[in-house]
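Read off the chains here:
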Amino acid sequence: MNEHQLDLAKEMEKEKRDELSRMKKQSQSVPSYKTKKQKMISDEVILEVDNLHVQFSTFGGSVHAVRGVSFNLRKGETLAIVGESGCGKSVTSNAIMGLIPQPPGRISEGRVMFKNQELTRMTKKQMRKVQGVDISMIFQDPMTALNPTLTIGEQLTEGVRTHTNASKSEAKEKALDMLRLVGIPNPQERLKQYPHQFSGGMRQRIVIAMALICEPELLIADEPTTALDVTIQAQILELFEEIQQKTGVSIVLITHDLGVVAKIADRIAVMYAGKIIELGTKREIFYTPQHPYTQGLLKSVPRLDLLEEELQPIEGTPPDLFSPPTGCPFTARCPFAMEVCEHIHPTTTVKSSSHQVDCWLQDERAQAFRNELKV
């Protein structure tokens, strides 16, 4: 081990000790009975996605990746979009950010409204004024999101100097403030270092700092904790909550981890085969799920309070989106499927002011038939 590597190892060891000391002080200073600070969610809708369709042209035909997605997001709110890999979560977030490569991709129908601005009609030049300033994105792998040839300081200050009239010294001070906000120790020295000199959790914190440095109103986090161990995951989720309380930023969280969703989300949108099939508050989705797919997702997650109950996987595979089904996309895997499910897509059933589901089982006609059978 050379002298540089030895110094780096000592520095990382010191950071671990500092982090443990900080966490110990926090646990000692906060009584166990103290409740978490209630975050403020306003009635102002800052993002509205209406009937969004995204297609990709290939040699084999068109892939209908997103098929009629609609939702809205209020200021200060966290909306989690969950579902299996390939269901259209990341494509939806990329469409909001204007990152769909054209060609082969295109938004064939629908619109995305951000604070009375229609993003889907903007040119690339107009979108650059929104990207990173009003709307920022945290990508899935921090190592690929960071440039290995530039220092962290150069990458943090680039966005500030590009989108604002800040001087070099002002941009550096802003970068230092952001590193402190996301919990990076010794920020003065860290600005001079390269991505490979940071641990995975530290790199994720830096990516979060880069996304927040221009003070966006909307943050899209695409699988931000996937590559991290559970301890670092918990720290990153606590960081999200802390930043949201301090800045009031709205968050769209893309994930398949229901544990992450339970920790941070206010509302949950369940996606399947390019569609949102159920939308509700965290309590409604976890305690009263209405769609068989949502119920299947919850049953496939290990639970500590049900030690003797076996996990129940969802049998089968998602449908081919080259030729999506005309009826409910979950029909082939659904244990409760009816003939109507195969031919006609279910209409949206409103269960409450915050809870809606696309399932024929929840249709009022099916409910009336059930009541007749009971009589």
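Our structure's up above, just so we're on the same page.
The structure displayed is predicted, hence computed values, not measured ones.

Examining the pattern of salt bridges
Taken as a whole, this structure holds twelve salt bridges when the rule is applied. Here lysine 75 and glutamate 217 are joined by a salt bridge, their closest N and O atoms 3.5 Å apart. Of this pair, lysine 75 sits in the loop between strand E2 (61-74) and strand E3 (78-82) while glutamate 217 is found in the loop between helix H8 (200-212) and strand E7 (218-222), placing the two residues 142 residues apart along the sequence. For the salt bridge of glutamate 77 with arginine 267, the shortest nitrogen-to-oxygen distance reads 2.6 Å. You can see glutamate 77 sitting in the loop between E2 and E3 and its partner arginine 267 sitting in strand E9 (residues 267-272), a full 190 residues away along the chain. Considered together, glutamate 77 and arginine 267 belong to a single accessibility category, that of buried residues. Salt bridges sharing common partners tie together Arg74, Glu77 and Arg267.

A few points about the sheet that holds strand E10 (residues 275-281)
Here eight strands make up an open sheet; going across it, the order is E6-E7-E8-E3-E9-E10-E12-E11 and the pairing mixed. Looking at the sheet topology across the chains shown, the edges are occupied by strand E6 (135-138) and strand E11 (348-350). Across this sheet, the average inter-strand angle for adjacent strands is 20 degrees, counted without regard to direction. Strand direction decides the pairing type here: E6 and E7, joined by four bridges, are parallel. What sits directly across from isoleucine 135, in E7, is leucine 218. Helix-sheet contacts for H8 involve E6 and E7, and the interaxial angle to E6 is about 170 degrees. Packed on one face of the sheet, helix H9 (residues 230-247) meets E3, E6, E7 and strand E8 (250-255) and runs near 160 degrees to E8.

A look at the sheet that holds E2
On the basis of which strands lie adjacent, the open sheet formed by four strands has the order E2-E1-E4-E5 and antiparallel pairing. Each edge of the sheet is formed by a strand with only one pairing partner; in this case those strands are E2 and strand E5 (117-118). On the sheet, helix H2 (residues 89-97) packs against strand E1 (45-58), E2 and strand E4 (105-114) and is oriented at approximately 110 degrees with respect to E1.

Thoughts on the packing of H8 against H9
Where H8 meets H9, the axes come as close as 10 Å, and the angle between the chain directions of the two elements is 20 degrees. On the basis of their axis angle, the class for H8 and H9 is roughly parallel. Our pair here, H8 against H9, has a crossing hand that is right-handed. Seen from H8, the contacting residues are Gly201, Gln204, Arg205, Ile208 and Leu212; seen from H9, they are Ile232, Gln235, Ile236, Leu239, Phe240 and Ile243. Residues of the contact of H8 with H9, tallied by class, amount to seven nonpolar, three polar and one charged.

Considering the nonpolar core
Counting 57 residues, the largest nonpolar core has Ile138, Leu156, Ile208, Leu219, Phe240, Val270 and Tyr293 as the members making the most contacts within it. When residues in this core are grouped by element, the largest group, seven residues, is from H8. What isoleucine 208 contacts, discounting residues up to four positions off in sequence, is Ile138, Val182, Ile236, Leu239, Phe240 and Ile243. Of all hydrophobic cores here, the second largest spans 34 residues; its members include Met137, Ile254, Ala269 and Met271.

A word on the layout of surface pockets
It is the rolling of a water-molecule-sized probe over the atoms that shows where space remains empty. In this structure, the second largest pocket spans a volume of roughly 620 Å³. Around the second largest pocket, the lining is made up of 23 residues, and of these Gly132, Met137, Phe139, Gly159 and Met210 lie nearest the centre. Among the elements that line the lining of the second largest pocket, the one with the most residues is helix H5 (residues 152-163), at six residues. Partitioned by chemical class, the residues of the lining of the second largest pocket number 13 nonpolar, eight polar and two charged.

The rules behind these values
Residue positions within a chain follow its written sequence, with the count starting from 1. Note on the predicted model: pLDDT of at least 70 is required for a residue's local features to be given, and 80 or more for side-chain atom pairs to be given and counted; whole-chain, interface and lining totals, by contrast, use all residues. Computation of side-chain values: all heavy atoms of the structure, hydrogens and water removed. Think of a salt bridge as a Lys or Arg side-chain nitrogen and an Asp or Glu carboxyl oxygen that are within 4 Å of each other. Each helix is a run of DSSP H or I of at least 4 residues and each strand a run of E of at least 2, with the numbering of both proceeding from the N terminus. Burial classes: relative accessible area under 20% of the type maximum marks a residue as buried, over 50% as exposed, and values in between as partly exposed (1.4 Å probe, protein chains only). What makes two strands pair is DSSP finding at least two bridges between them. Helix axes are fitted only over the stretch in contact, all axes being lines through C-alpha atoms; the angle between N-to-C directions runs from 0 to 180 degrees. We call two residues in contact when some of their heavy atoms are within 4.5 Å. Each angle receives one of four descriptions, namely roughly parallel if under 35 degrees, roughly antiparallel if over 145, roughly perpendicular if within 65 to 115, and oblique otherwise. Should the near helix be turned counterclockwise from the far one by less than a right angle, the crossing is left-handed, whereas a clockwise turn marks it as right-handed. When residues are grouped by polarity, Ala, Val, Leu, Ile, Met, Phe, Trp, Tyr, Cys and Pro land in nonpolar, Asp, Glu, Lys and Arg in charged, and all others, Gly among them, in polar. Remark: nonpolar core denotes a set of buried residues (Ala, Val, Leu, Ile, Met, Phe, Trp, Tyr, Cys) joined through side-chain atoms within 4.5 Å. Note on definitions: the grid is 1 Å and covers protein atoms alone; a cavity is a set of points where a 1.4 Å probe fits but cannot get out; a pocket is an open set with protein on both sides within 12 Å along at least five of seven lines; lining residues have an atom within 4 Å of a point. Grid points are joined across faces, edges and corners, and a volume is the space filled by probe spheres set on the points.

Geometric values such as these leave the question of function open.
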